[in-house]
Amino acid sequence: MMKRFGMLFLVCVLASPVLHGFGADSRETNLVSLGHVGLAISQLQPALHFYVDQFGLKEAFRISFPDGTPNLIYLRVANTATFVELFPGRKKTSPTEGFTVNHLGLFVKDLQAELHSLKDRGYPLPADAFEKAKKVQVDNSLLYFVKDPDGNKIELSQLLLDSLQVTSRGKK
């Protein structure tokens, strides 16, 4: 009897990953969230100054080549599981090869406060930045674009309660 129970238990354990998805909507995904965006950068120090010193991201870890030069650097966004991944020395002058990222989008709690923080940390904002950032966009969010030292566009978005990103939650 105990042997049969043990065999039944083993079959259930082995079948559980298969049974878990049985009957589930085939359109459902196992994706959880954005993990990271990898950016090719030309020089590490100006990029770290921008992302760490001015933006406030924290270096989580780095992986170096055997000769000790940095291969990639992971920067954590706030206290989340989302990262900006930097690849130093890989910025191409012409984005004709492969996939090109249009921009990196980051959600902020308060767009005006974030712009003041960037300005206080030495990021050069144009005089009309704060006024432009007050304009409600077509998706009912507030946004403003800045650029990193390599010209990569960074969209800072503040989601309002009636933004399409907020109101679309839970819709199928």
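Given the structure is predicted, the values throughout are model-derived calculations rather than measurements.

A.B. asks: What am I meant to see in the sheet that holds strand β6 (residues 141-147) here?
C.D. replies: Strands in a sheet are paired, the pairing made by backbone hydrogen bonds, and the direction either parallel or antiparallel. One open sheet accounts for three strands, arranged β5-β7-β6; its pairing is mixed. Here the strands that pair on one side only, and so sit at the sheet edges, are β5 (104-107) and β6. Neighbour-to-neighbour, the strand axes of this sheet turn through a mean angle of 25°, independent of strand direction. Pairing of β5 with strand β7 (residues 153-159), which is carried by four bridges, proceeds in the parallel orientation. Opposite Gly105, over in β7, you have Glu155 as the bridge partner.

A.B. asks: What should I look at first to understand the packing of aromatic side chains in this one?
C.D. replies: The geometry of an aromatic ring pair is captured by two quantities: the separation of the ring centres and the angle between the planes. According to the stated counting rule, one finds six aromatic pairs in the structure shown. The interplanar angle of 55° and the centroid separation of 5.6 Å between the aromatic rings of Phe50 and Tyr123 together place this pair among those described as tilted. Residue Phe50 is found in helix α2 (residues 44-54), and its partner Tyr123 is found in the loop between α3 (111-120) and α4 (129-132); the two are separated by 73 residues along the sequence. Over the ring of Phe145 we find Lys153; its NZ or CZ atom is 5.7 Å from the centre of that ring.

A.B. asks: Where do I start with the side chain of Gln158 in this structure?
C.D. replies: Along the chain, Gln158 turns up in strand β7. By relative accessible area, which is 16% here, Gln158 ends up buried. At a separation of 2.8 Å, a polar atom in the side chain of Gln158 contacts the main-chain amide nitrogen of Leu111. Apart from residues no more than four positions distant in its own chain, Gln158 is found in contact with Val108, Lys109, Asp110, Leu111, Ser141 and Leu142.

A.B. asks: I tried to follow the nonpolar core on my own but got confused; where do I start?
C.D. replies: A general feature of soluble globular proteins is that nonpolar side chains tend to end up buried together. One finds Tyr51, Phe55, Leu86, Leu115, Val146, Ile154 and Leu156 to be the most contacted residues of the largest nonpolar core, which totals 31 residues. If near-sequence neighbours (up to four positions away) are discounted, Leu115 is found in contact with Leu125, Ala129, Phe130, Ala133, Tyr144 and Leu156.

A.B. asks: Hey, could you run me through unusual backbone geometry in this one?
C.D. replies: Glycine aside, a negative phi is what most residues show, and trans is what most peptide bonds show. The phi dihedral of Ala78 is positive, around 50°, even though this residue is not glycine. By the element assignment, Ala78 lies in the loop between β3 (70-76) and β4 (83-88). The backbone phi angle of Asn140 is positive, close to 65°, even though this residue is not glycine. Residue Asn140 is classed as partly exposed on the basis of its relative accessible area, which comes to 26%.

A.B. asks: Help me out: how do you make sense of the pairing of β7 in this one?
C.D. replies: Where a strand is regular, its side chains alternate between the two sheet faces. Buried residues dominate β7, accounting for five of its seven residues. Both β6 and β7 contribute to a ladder of seven bridges, which runs antiparallel. Of the residues in β7, the one forming a bridge with Lys147 is Lys153. Following β6, the chain reverses through five residues before pairing antiparallel with β7; Gly151 in that reversal takes a positive phi of roughly 85°.

A.B. asks: Any chance you could explain the environment of Asn79 here in plain terms?
C.D. replies: Along the chain, Asn79 turns up in the loop between β3 and β4. Judged by its relative accessible area of 78%, Asn79 is exposed. In this structure, the C-alpha to C-alpha distance between Asn79 and Leu57, residues 22 residues apart in sequence, is 9.5 Å.

A.B. asks: Mind showing me how you'd approach the environment of Ser64 here?
C.D. replies: By the element assignment, Ser64 lies in strand β2 (residues 58-64). Residue contacts for Ser64: discarding those within four places in its chain leaves Thr69, Pro70 and Asn71.

A.B. asks: Can you help me understand the sheet that holds β4 in this one?
C.D. replies: With mixed pairing, four strands are arranged side by side in an open sheet as β1-β4-β3-β2. The sheet is open, and its two edges are formed by β1 (36-41) and β2, each paired on a single side. Sheet twist, expressed as the average angle between the axes of neighbouring strands with direction ignored, equals 20°. In terms of strand pairing, β3 meets β4 through four bridges, oriented antiparallel.

What counts and what doesn't
Residues numbered from 1 in each chain as written. Predicted model: local features only at pLDDT ≥ 70, side-chain atom pairs only at ≥ 80, totals over all residues. Heavy atoms only, no water. Pairing = 2+ DSSP bridges. Helix = DSSP H or I, 4+ residues; strand = E, 2+ residues; numbered from the N terminus. Axes fitted to C-alpha atoms, helices over the stretch in contact; angles between N-to-C directions. Phe/Tyr/Trp six-rings, centres within 6.5 Å; stacked < 30°, edge-to-face > 60°. Lys NZ or Arg CZ within 6 Å of the ring centre and 35° of its normal. Buried < 20%, exposed > 50% of the residue type's maximum accessible area, 1.4 Å probe, protein only. Polar contact = N/O pair within 3.5 Å; in protein donor to acceptor, adjacent residues only side chain to side chain. Contact = heavy atoms within 4.5 Å. Core = buried A, V, L, I, M, F, W, Y, C linked by side-chain atoms within 4.5 Å.

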